[in-house]
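For reference, the chains in residue letters:
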Amino acid sequence: MSTPQPWYKQFWPWFLIILPLCAVVASINLFWVAFTNQDPLVTEEYYKEGKGINIDLRKIKHAKQLGMNYMLEFDDKYVELSQQGGDKYLAGLSISFYHPTLEERDFSQIVTADANGVYRIDLTQSIEGPWDVRIEGYDQTWRIQQRVMLKDDQQYWLN
């Protein structure tokens with residue numbers, strides 16, 4: 001009879017060691033991904049935020065009472081807004097774009113109308129995809145807020 005091989009030269013012990021080792025490596029990798037991509041915290045002042053939401057709803061209702069409607073024209077280089085309803089509003093607008101999942105892509109800008117009453121934002125990067133668009137008057141008495149799926153060379157009604 002031949003002498004048995006030492007355990008470290010056999011297949012089955014290594015097979016049985018590699019299975020749990022793969023699980024350990026995968027869990028360490030998963031922990032690293034979770035740690036480096038932390039979700040932003042929910043606000044600690046939830047009561048004040050809740051009261052703020054009610055004020056926001058009043059602004060949205062006020063915009064509907066005024067009959068404010070805007071047409072958003074999107075191109076990969078610019079965004080244009082033109083008023084289509086309500087009393088002419090020629091003061092500056094605060095226009096904000098909020099991405100539903102990527103907070104670092106959010107941006108806001110205060111713009112004024114040109115001679116034709118068109119508000120224009122020049123873009124430095126592409127913003128195709130889903131966005132929450134918020135238009136607010138300079139006096140902050142009304143607000144239009146709507147989610148749109150932006151595609152190149154498209155028009156959207158915001159009301």
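Residues numbered from 1 in each chain as written. Predicted model: local features only at pLDDT ≥ 70, side-chain atom pairs only at ≥ 80, totals over all residues. Heavy atoms only, no water.

If you check an unreviewed UniProt entry, the chain appears there as FixH family protein from Shewanella pealeana.

Check the secondary structure of the chain and you find two helices and eight strands. Taken over the C-alpha trace, the chain has a radius of gyration of 27 Å; the compact-globule value for 159 residues is 15 Å, which it surpasses by more than 25%. Its C-alpha atoms give the chain principal-axis dimensions of roughly 100 × 40 × 20 Å. Looking at the chain as a whole, 26% of its 159 residues qualify as buried. (Helix = DSSP H or I, 4+ residues; strand = E, 2+ residues; numbered from the N terminus. Rg over C-alpha atoms; globule rule 2.2 N^0.38 Å. Buried < 20%, exposed > 50% of the residue type's maximum accessible area, 1.4 Å probe, protein only.)

With that settled, consider the domain arrangement of the chain. Here the chain is described as being made up of domain 1 (10-36) and domain 2 (69-158). Domain 1 and domain 2 are separated by 49 Å when their C-alpha centres are compared. (Domains from an automatic or database assignment.)

Next up on the list: the pattern of salt bridges. Under the defined criterion, the tally for this structure stands at five salt bridges. The partner of Arg120 in a salt bridge is Asp122, and the shortest N-O contact between them spans 3.2 Å. Residue class for Arg120 comes out partly exposed when judged on its relative accessible area of 41%. Note that Asp132 and Arg147 form a salt bridge whose closest N and O atoms lie 2.7 Å from each other. One end of the pair, Asp132, is in strand β6 (residues 129-137); the other, Arg147, is in strand β7 (residues 143-150), and 15 residues separate them in sequence. Several salt bridges share partner residues, and in doing so they unite Lys59, Glu136 and Arg143 into one network. (Salt bridge = Lys/Arg side-chain N within 4 Å of Asp/Glu carboxyl O.)

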